[in-house]
Structures are given as structure tokens and as C-alpha cells.
Amino acid sequence: MKARLIPYEVAPSSLKPMIELEKTLKNSGLELTLIELVKTRASQINGCAYCIHMHTKDARANGETEERLYLLSAWRESPLYSDRERAALAWTEALTLVAETHAPDEDYEALSRHFTPAEQVNLTLLIGAINAWNRLAIGFRSVHPVEAGRAAA
């Protein structure tokens, strides 16, 4: 697989607001583990290998367990996630697949039970941002790092 282009090299000023948004969201009060779960789940749905690689690595660096990362795509079937995380993951799926789901009231109601209004906005911006990053990475065929000796021939 070969990258079509590297967005950071050809349009750094256009990406600067996205990078600033990431910094703001990281300091918004949302838990770092929750942020990485949301980013990973949206990236799984979108099939973005580059972002899945990045955010599972970041999640582990922030103390996330392998088991929870392995089970993330089946979070509804696992007791390993808190009610707050479940609300965030449901909202992530609803907004990532918004053309299909139209952000159901039941998902918003769960979100409202576990997140303040400001957290709801920050979480929604986080979901929007990771979906934009996924589209950049997928569209331009960003290639995730490969461990030495592990690349396909």
C-alpha cells in the first residue's frame, strides 16, 4: 500500500485548526481512556487502519487494557465497559453512521444521563473530528507504521 499524498506536508495551515481542536478536546475534562475508546471505535466502523493503529497504541499508553481493546467492536456484549463509556460508544456509533441512524433519541437520552451539556458538545466534536481524520487517512491512503519484519511481501 502506498500513500496517495501526505496531508500534513501539502496543507499544514488547513490542518492546524484540526490539531488545535484535538488539543482542546484532550484538555476538555473527558477521560483520556474514553477519548481513545471513542476514536478507536469510530475508526473501526470506518475501517481506518491508520487511525486504529494510532489510537489503540495511544489507549494502551494511557492505561487501557488489551482485553477491552480486543472487545471494543463487541462492547454491547461485554460487561467491561461502564455505563458512561456505553453511552459514549452508542453516541459514537450513532453519529459515525448518522445517515443510517439519524442520532436516535434513546442514544441521546443515555448520553444526557452520563454527560453534562458541555461534555456532550465536546464528545460530539471529538466524534466529528475522528471521522474527519478517518476520511483524510482513508482518502489519501495513509499507511500505519509497520514493525520491522512484519510487512507483507
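Residues numbered from 1 in each chain as written. Predicted model: local features only at pLDDT ≥ 70, side-chain atom pairs only at ≥ 80, totals over all residues. Heavy atoms only, no water.

## Thoughts on the overall build of the chain
Looking only at helices and strands, the chain features 9 helices and 0 strands. Going from the N terminus to the C terminus, the chain shows its helices and strands as α-α-α-α-α-α-α-α-α. Compactness check: the chain gives a C-alpha radius of gyration of 16 Å against a globular reference of 15 Å for 153 residues, within 12% of the reference. Overall size of the chain, expressed as C-alpha extent along the three principal axes, is 45 × 35 × 30 Å. For the chain, buried positions account for 37% of its 153 residues. Long-range pairs, those at least 24 residues apart, make up 65% of the contacts in the chain with a sequence separation of at least 6. (Helix = DSSP H or I, 4+ residues; strand = E, 2+ residues; numbered from the N terminus. Rg over C-alpha atoms; globule rule 2.2 N^0.38 Å. Buried < 20%, exposed > 50% of the residue type's maximum accessible area, 1.4 Å probe, protein only. Contact = heavy atoms within 4.5 Å.)

## Details of the nonpolar core
Formed by 15 residues in total, the largest nonpolar core has its most connected members in Val-38, Phe-115 and Leu-123. At the level of elements, α3 (32-46), α6 (83-96), α8 (105-114) and α9 (117-139) are the ones that each hand at least two residues to this core. For this core, the element with the most residues is α6, which contributes 4 residues. In contact with Phe-115, other than residues within four places in its own chain, are Leu-30, Leu-34, Arg-84, Ala-87, Ala-88, Gln-120 and Leu-123. Core analysis: the next-biggest nonpolar cluster, separate from the first, contains 9 residues, Cys-51, Ala-129, Trp-133 and Ala-137 among them. (Core = buried A, V, L, I, M, F, W, Y, C linked by side-chain atoms within 4.5 Å.)

## A look at unusual backbone geometry
Located in the positive-phi region is His-102, a residue other than glycine, with phi close to 60°. Mapping His-102 onto the fold places it in the loop between α7 (98-101) and α8. Positive phi is not limited to glycine here, since Arg-141 has a value of about 55°. Position of Arg-141 relative to the elements: it lies in the segment after α9. Taking relative accessible area as the criterion, Arg-141 reaches 30% and is therefore assigned partly exposed.

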